[in-house]
Amino acid sequence: MDFNVKKLASDAGVFFNRAVQFTEEKLGQAEKTELDAHLENLIARADCTKNWTEKIFRQTEILLQPNPSARIEEFFYEKLDKKIPLRTTNGELLGQYMLDAARDFGPGTPYGSTLIIVGDYQRRLGGAEREFLQTSAINFLTPLRNFLEGDWRTISKEKRLLENRRLDLDVCKARLKKAKLAEAKAAVSYSAAPDFQETRPRNYVLSASASAAEHELRVAQTEFDRQAEVTRLLLEGISSTHVNHLRCLHEFVEAQAVYYAQCHKHMQDLQKELRSANGDTVPNAFTMSPSTSAVSAGPSGLSSGPPAGASPPPRPPVSPSGLERSTLKIEEVQPPATGTRKAKVLYDYDAHDTSELSLMADELITVYTVPGMDPDWLMGERGNKKGKVPVTYLELLS
């Protein structure tokens, strides 16, 4: 290998001068050239953009792929520039297991036929999830990754180069300052006691040294200004990055909305098909009425608490059947061996008679159904107290 010893020595000298200047600045022993306020603001804005983009990118990766081993595998595939193999989603795998179980149990049995229906819908849910993951990765994750691995690396490189140019400029300023002081000191000494035998007076040599330092300072200032302009132009491009990320964010939200809408539709269709297939012979102890769904379910069908400041829903009408009027006695009701659930109370409720149970918002109670009871009501228990409670005031937990 052909080493340029002079260049190597020169680079080592520049690096040493920068290190000395940086150390003296930290110790408060050297002056530091400050960047203009506009450039400082651009740098702070770019750093903020990078930090939050990185956090959003990492958390979105975790949201789309919770398995860390799978994320590491995908990372290596990307670095090796190989196509990531398609993975079966959890919903698709669950659906396949249900279909396989139905074949073993017998598709003609009630359990087997229901497994076939549910398994098919689980596979549809898994397919919707796969499509959502692919869309989000392309429209949201990829642009964020391109910024972090492309644009930001270029900006970081130019920022480091600007810092080096600033250190070089300050080194030249310090060198010129020392040369000027030495020249002034030598001029005073020579005028006080001139040495006529000296062919090249010392102040002449120092004057030449000061002139060389001034030339180096002008060169360093020019390089610093040029690099500051380059860095400024790159940093001003962060505004375009924000516009691009805003568009990608809208696409990500749209993909989420489509995905959750598909899941909600699939689950509604599944419930209808199950009711149709079973002929309502299998009771669902916690099937909620439309009014209940409006209170405890959001747009995606997920349970949620009441919005802040929301007023409680109206009390369900009491229209007990003849069976309930004649046979339902609260003190004789016993909880079933299975089928009880916990529920969170959403609103305060005052019992209207001895058959009802008063409720306080945010408390937990145990609920279950009783044959012959109105579907808008459940039997609730809290400690040794029990009574009817309106379903619309509850959020079923487990």
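These numbers come from a predicted model, not from an experiment.

Caption draft 1: Region of the structure containing the overall build of the protein chain. Along the backbone of the protein chain there are nine helices and five strands. Within the span of the protein chain, comprising 398 residues, buried residues form 31% of the whole. Here the analysis covers contacts within the protein chain between residues at least 6 apart in sequence; of these, 71% occur between residues at least 24 apart. For the protein chain, the accessible surface area stands at approximately 25,300 Å², while carbon and sulfur atoms represent 57% of it.

Caption draft 2: View of unusual backbone geometry. Its identity is not glycine, yet Asp362 carries a phi of approximately 80°, on the positive side. Along the chain, the position of Asp362 falls in the loop between strand S1 (341–345) and strand S2 (364–368).

Caption draft 3: Representation of the nonpolar core. Formed by 32 residues in total, the largest nonpolar core has its most connected members in Leu39, Phe132 and Leu235. For this core, the element with the highest residue contribution is helix H5 (residues 110–192), accounting for 14 residues. Ignoring sequence-local partners within four residues, the contact set of Leu235 consists of Leu39, Leu42, Ile43, Ala46 and Ile155. Membership of the second largest hydrophobic core comes to 22 residues, among which are Val333, Tyr349, Val370 and Leu396.

Caption draft 4: The arrangement of a nonpolar patch on the surface in detail. A cluster of nonpolar residues, Leu246, Leu249 and Val253, forms a patch on the protein surface that exposes about 250 Å² of accessible area. Looking at the element boundaries, Leu246 is found in helix H7 (residues 238–278). What makes Leu246 partly exposed here is its relative accessible area of 48%.

Caption draft 5: Inspection of the pairing of strand S4 (residues 385–390) at higher detail. Judged from the six bridges that link them, strand S3 (residues 377–382) and S4 form a sheet pairing that is antiparallel. Residue pairing for S4: Trp377 is matched across the bridge by Pro390. Counting the residues in the hairpin turn of S3 and S4 gives two residues, including Gly383, whose phi is positive at 65°.

Caption draft 6: Structural view of the sheet that holds S2. One open sheet holds the five strands; their spatial order is S4-S3-S2-S1-S5, and the pairing between them is antiparallel. Each edge of the open sheet is held by one strand with a lone partner, namely S4 and strand S5 (394–396). For this sheet, the mean inter-axis angle between neighbouring strands, taken without regard to orientation, is 40°. The pairing of S2 with S3 spans three bridges and is antiparallel. Paired with Val367 across the bridge in S3 is Gly380.

Caption draft 7: Layout of the pattern of salt bridges. Going through the model one piece at a time under the given rule, you end up with 18 salt bridges. Between Arg232 and Glu229 there is a salt bridge, with its nearest N and O atoms 2.2 Å apart. With Arg232 and Glu229 both in helix H6 (residues 202–236) and three residues apart, the pair spans about one turn of that helix. Each member of the salt-bridge network shares a partner with another, and the members are Arg18, Arg165, Asp168 and Glu223.

Caption draft 8: Structural context of the confidence of the model for the protein chain. On average, the protein chain scores 81 in pLDDT, and the residues at 70 or more come to 77%. Ranking the helices and strands of the protein chain by mean pLDDT puts helix H2 (residues 37–64) first, with 94, and helix H8 (residues 290–296) last, with 44. Segment residues 288–303: pLDDT under 50, and 27 contacts once partners within four positions in sequence are set aside and those in other chains are kept. Across residues 321–326 the pLDDT falls below 50, and counting only partners more than four positions away or on other chains, this stretch makes eight contacts in the model.

Caption draft 9: Molecular detail of the packing of aromatic side chains. By the definition in use, this model includes eight aromatic pairs. Linked through ring pairs, Phe132, Phe140, Phe252, Tyr259 and Tyr260 together constitute an aromatic cluster. Note that Lys55 overlies the ring of Trp52, its terminal NZ or CZ placed 4.5 Å from the centroid.

Caption draft 10: Representation of helix H4 (residues 90–105) in the model. Compared with the 22 Å implied by 1.5 Å per residue over 16 residues, the 22 Å span of H4 between its first and last C-alpha is a close match. Residues of H4 that are buried include every one of Gly91, Glu92, Gly95, Met98, Leu99 and Ala102, and no others. Across the axial projection of H4, the buried residues extend over an arc of 120°, all falling on one side. Facing away from the buried side of H4, by more than 90 degrees, are the exposed residues Asn90, Tyr97 and Asp104.

Caption draft 11: Broad picture of H2. The end-to-end C-alpha separation of H2 is 40 Å, in line with the 40 Å expected for 28 residues at 1.5 Å each. Along H2, the positions that sit buried rather than exposed are Leu39, Leu42, Ile43, Ala46, Thr49, Lys50, Thr53, Phe57, Thr60 and Leu64. For H2, the side-chain oxygen to backbone nitrogen distance between the N-cap and His38 is 3.2 Å, and the N-cap itself is Asp36.

Caption draft 12: Spotlight on the side chain of Arg130. Among the structural elements, Arg130 can be located in helix H5. Not counting the four nearest positions on each side in its chain, Arg130 is found in contact with Leu86, Arg87, Thr88, Thr89 and Glu92.

Caption draft 13: Geometry of the pairing of S1. Of the strand pairs in this sheet, S1 and S2 are connected by four bridges, and their pairing is antiparallel. Counted as the bridge partner of Arg341 is Val367 from S2. Here three bridges tie S1 to S5, and the two strands are oriented antiparallel to one another. Counterpart to Val345 in the pairing with S5 is Leu394.

What counts and what doesn't
Residues numbered from 1 in each chain as written. Predicted model: local features only at pLDDT ≥ 70, side-chain atom pairs only at ≥ 80, totals over all residues. Heavy atoms only, no water. Helix = DSSP H or I, 4+ residues; strand = E, 2+ residues; numbered from the N terminus. Buried < 20%, exposed > 50% of the residue type's maximum accessible area, 1.4 Å probe, protein only. Contact = heavy atoms within 4.5 Å. Areas by Shrake-Rupley, 256 points an atom, 1.4 Å probe, with all protein chains shown as cover. Core = buried A, V, L, I, M, F, W, Y, C linked by side-chain atoms within 4.5 Å. Patch = residues over 30% accessible without salt bridge, like charges linked within 9 Å, V, L, I, M, F, W, Y side chains within 5 Å. Salt bridge = Lys/Arg side-chain N within 4 Å of Asp/Glu carboxyl O. Pairing = 2+ DSSP bridges. Axes fitted to C-alpha atoms, helices over the stretch in contact; angles between N-to-C directions. pLDDT = per-residue confidence, 0-100. Phe/Tyr/Trp six-rings, centres within 6.5 Å; stacked < 30°, edge-to-face > 60°. Lys NZ or Arg CZ within 6 Å of the ring centre and 35° of its normal. Expected span 1.5 Å × (residues − 1). Arc of directions from axis to C-beta. Polar contact = N/O pair within 3.5 Å; in protein donor to acceptor, adjacent residues only side chain to side chain.

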